[in-house]
Amino acid sequence: MSYQAAKPLQIAPARTLSGTVSVPGDKSISHRALVLASLAVGESSISGLLEGDDVLATAAALRAMGAMIERGDDGTWRIRGVGVGGLLQPPGALDMGNSGTSTRLLAGLVASHPIHATFIGDASLSRRPMGRIIDPLSLMGADITASPGSRLPMMVGGGCPGVPIRYMLPVASAQVKSAILLAGLNTPGITRVIEPVATRDHSERMLTGFGAEIAIEETDRGRLIAITGEAELKPQHIVVPGDPSSAAFWAVAASIVPGAALTIRNVGLNPTRAGLFTALRMMGADITECDPRSVGGEPVADLLVRHASLTAVDVPPELAPSMIDEYPALFVAAAFAAGRSVARGAQELRVKESDRIATMAAALGKCGVTVEEFADGLAVTGSGGEAIAGGATVATHLDHRIAMAMTVAGLHARAAVTIDDAAPVATSYPDFFATLARLGGAAC
Ligand code: S3P
């Protein structure tokens, strides 16, 4: 990975925030659209694709394995797929940058193709655990050599033909589920995954849309997903809805900045993703859903969010899978609520782009917020709507969502909050700071 200089940014407290924002395309859906289009026979198109670094890393890797991927001047992406089983040997290492989703999904693809690929990434990604995909993909016949601690760099040699497995997920992870289903696409027979707790289901929805044979059944051990291998995928036109994980920052910003009112357009509200909005409503947030509709097979609405007096919440642990990426934003909302909020059962936060429990505890603590750290979550004592102290430089540890969450916290602080490095925001929301300036906030 080439070295990228850190980009510190000072956030000025906002007088208020108002206007309309269209959030960029959903990151999870964008990755999957590129992957499945690259495996279809014929030309697919994608509109609304998130053009963030993570998704571009997926596109570059798929190109290196033979897919033709181009962006038209109108922003529509055209993809000519190689067909399931048709991936080519990449000429060099696949650079996944900061993206765990790219790594785990693409490792699943390579695992059942007769090719070898080396996956590399930045310092954050190189610390993240890959054992969770190495175990099932090895059972399917892949030959995988990782760095100590099951980390990147990692070499994956595909097992071809692969072996269909029946696998119970030991962690609630849509990336692991998807890696197995993608490996199952080119594996003879039926590959089965059981998830004890439902995680985001974009892979299942989109595989069905591309014509794969998928059966889903609720069992007493969880949700069983079965995919029939050696599938032929038919090209599709995909419209990517807006990312609820990006909308989360505006929903919290509007809730905490006095007098604020924001309309957030085109927000994906798949129930496996919408947990933050449930938690915010439990806190008394003022969120109105307008014009509910379906975009690309996913439920979508516009959200009108107005400033509100928030009260503390005990976040139900069963919401964790549907808001796993939104805890940094939730912790910020909790920092402005009346009372002590507690979020437990979220130990997966320890292995995201950063250890999000430790990183948020440190960042909020430096800004004068009282926090208590648990192995699986955080308790946050809120200000009851008053501005927090701020006046600190916070460490984001190459984590885009920490940078955006602490930017939002800085919008209602007595002294400016400085983000030590805003550059990683480009992985999921390249226009975040420009949008903030348009809505009335300022960063310098
Ligand atoms: C994702 C799944 C989640 C999430 C990540 C995107 C996906 O990760 O945190 O940002 O697109 O499948 P896990 O599968 O590790 O929970």
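Here goes a summary of the coordinates provided. Keep in mind it's a predicted model, so treat the numbers as computed, not measured. (Residues numbered from 1 in each chain as written. Predicted model: local features only at pLDDT ≥ 70, side-chain atom pairs only at ≥ 80, totals over all residues. Heavy atoms only, no water.)

In terms of regular secondary structure, the protein is built from twelve helices and 26 strands. Its C-alpha atoms give the protein a radius of gyration of 21 Å, within 12% of the compact-globule value 22 Å for 444 residues. For the protein, the proportion of its 444 residues judged to be buried stands at 60%. Sequence-distant contacts in the protein: of pairs separated by 6 or more residues, those separated by 24 or more amount to 77%. A distance of 2 Å separates the average location of the 35 positive side-chain charges in the protein from that of its 42 negative side-chain charges. (Helix = DSSP H or I, 4+ residues; strand = E, 2+ residues; numbered from the N terminus. Rg over C-alpha atoms; globule rule 2.2 N^0.38 Å. Buried < 20%, exposed > 50% of the residue type's maximum accessible area, 1.4 Å probe, protein only. Contact = heavy atoms within 4.5 Å. Lys, Arg positive; Asp, Glu negative; His and termini not counted. Charge placed at Lys NZ, Arg CZ, Asp CG, Glu CD.)

Let us look at the site of the ligand. Around the ligand, the surrounding shell consists of Ser28, Arg32, Thr101, Ala172, Ser173, Ala174, Gln175, Arg200, Ile324, Asp325 and Lys352. In this structure, Ser173 approaches the ligand through a side-chain N or O atom, which is 2.6 Å from an oxygen atom. A distance of 2.8 Å separates an oxygen atom of the ligand from a polar backbone atom of Gln175. Here the ligand, which alone exposes 380 Å², has 95% of that area covered by the protein. Only α1 (27-39) and α5 (174-185) provide two or more residues apiece to the shell around the ligand. By residue class, the composition of the shell around the ligand is three nonpolar, four polar and four charged. If you count residues domain by domain, the shell around the ligand takes at least three from each of domain 1 (9-25 + 242-443) and domain 2 (27-239). (Near = heavy atom within 4 Å. Polar contact = N/O pair within 3.5 Å; in protein donor to acceptor, adjacent residues only side chain to side chain. Areas by Shrake-Rupley, 256 points an atom, 1.4 Å probe, with all protein chains shown as cover. Nonpolar A, V, L, I, M, F, W, Y, C, P; charged D, E, K, R; others polar. Domains from an automatic or database assignment.)

Read across the sheet, four strands follow the order β18-β19-β21-β20 without closing on themselves; strand pairing throughout is mixed. The outermost strands of the open sheet, each flanked by one partner alone, are β18 (314-315) and β20 (370-374). Pairing geometry for strand β19 (residues 340-343) and strand β21 (residues 377-381), over four bridges, is antiparallel. Residue pairing in the sheet places Val342 in a bridge with Ala379 of β21. Those strands touched by helix α10 (residues 356-366) are β20 and β21, and its axis lies near 165 degrees from that of β20. (Pairing = 2+ DSSP bridges. Axes fitted to C-alpha atoms, helices over the stretch in contact; angles between N-to-C directions.)

For Ser147, the position within the fold is in strand β8 (residues 143-147). From its side chain, Ser147 meets the backbone oxygen of Pro153 in a polar contact 2.7 Å long. In contact with Ser147, not counting residues within four places along its chain, are Leu152 and Pro153.

Attention now moves to the sheet that holds strand β4 (residues 68-71). Hydrogen bonds between backbone groups are what pair the strands of a sheet, and the pairing can be parallel or antiparallel. The strand order β4-β5-β3-β14 describes an open sheet built from four strands, whose pairing is mixed. What marks the edges here is a single partner per strand, and that holds for β4 and β14 (237-239). The mean inter-strand angle of the sheet, taken between neighbouring strand axes irrespective of direction, is 15 degrees. Judged from the four bridges that link them, strand β3 (residues 43-47) and strand β5 (residues 77-80) form a sheet pairing that is antiparallel. Within β5, the position partnered with Ile46 by the bridge is Trp77.

Honestly, it's all geometry; don't read function into it.
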